[in-house]
Amino acid sequence: MKTRRLEMKQIEYALLTAILERGQAGTDDAHALFELPETVDPRLWGSATNGLQARGLIQRVGDSHTRRRVAHGRRIGRYIITDRKRALIYCRQLARMAARKRPAERSLFDREG
């Protein structure tokens, strides 16, 4: 899995987890739950929320100002789960994907023999 796609899946997992745990959440809540590398392109957060909305898993219900300094107080969306069962299934799939190692990440020490 390419790095950008893996980062997108990590963001989707973080957002879904935050919303499932809190009932309503935004990207600040996902950032608070998971430490993603600073190298993650911030535009991926918008792409992830758009993708989850397109899948019919989340719905935007409002806005708030971000609490994260790096984001300079801009407005961010607040979301709820629209289909809890499908969201849980997708979240489990994302967790399994994240647990797998990509071939490029395997080291010589992972080999048997």
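Small disclaimer: the values here were computed from a predicted structure and weren't measured.

Draft legend 1. Focus on the environment of Ser64. Among the secondary structure elements, Ser64 is positioned in strand S1 (residues 58-65). For the pair Ser64 and Gly77, spaced 13 residues apart in sequence, the C-alpha separation works out to 6.5 Å. Each residue touching Ser64, except ones within four places of it in the same chain, is listed here: Arg74, Arg75, Ile76 and Arg78.

Draft legend 2. Fine view of the pattern of salt bridges. Applying the stated criterion across every chain yields a total of four salt bridges. As a salt-bridge pair, Asp29 and Arg78 come within 2.7 Å of each other at their nearest N and O atoms. With Asp29 in helix H2 (residues 27-33) and Arg78 in strand S2 (residues 75-81), the pair connects residues that are 49 residues apart, well separated along the chain. Put simply, Arg86 and Asp83 hold a salt bridge, and the shortest N to O gap is 3.7 Å. A single network of salt bridges, built from pairs that share partners, joins Arg22, Asp29 and Arg78.

Draft legend 3. Summary view of the side chain of Thr17. Turning to its location among the elements, Thr17 is positioned in helix H1 (residues 3-22). Setting aside residues no more than four positions away along its own chain, Thr17 makes contact with Leu33, Phe34 and Cys91.

Draft legend 4. Quick look at the environment of Arg5. Mapping Arg5 onto the fold places it in helix H1. Classification of Arg5 by relative accessible area gives partly exposed; the value is 47%. Sequence-wise, Arg5 and Leu44 are 39 residues apart; in three dimensions their C-alpha atoms are separated by 9.5 Å.

Draft legend 5. View of H1. Helix length check: H1 (20 residues) gives 28 Å between terminal C-alpha atoms against 28 Å at 1.5 Å per residue, within 8%. Just beyond H1, the residue with positive phi is Gly23, at close to 85 degrees.

Draft legend 6. Structural view of the confidence of the model for the protein. Per-residue pLDDT for the protein has a mean of 77; in total, 77% of the residues score no lower than 70. Considering each helix and strand of the protein separately, the mean pLDDT is smallest for H2, with a value of 78, and largest for helix H3 (residues 43-54), with 88. Low pLDDT, under 50, characterises residues 103-113; the stretch is placed with four contacts to residues that sit more than four places away or in other chains.

Reading the values: the criteria
- Residues numbered from 1 in each chain as written.
- Predicted model: local features only at pLDDT ≥ 70, side-chain atom pairs only at ≥ 80, totals over all residues.
- Heavy atoms only, no water.
- Helix = DSSP H or I, 4+ residues; strand = E, 2+ residues; numbered from the N terminus.
- Contact = heavy atoms within 4.5 Å.
- Salt bridge = Lys/Arg side-chain N within 4 Å of Asp/Glu carboxyl O.
- Buried < 20%, exposed > 50% of the residue type's maximum accessible area, 1.4 Å probe, protein only.
- Expected span 1.5 Å × (residues − 1).
- pLDDT = per-residue confidence, 0-100.

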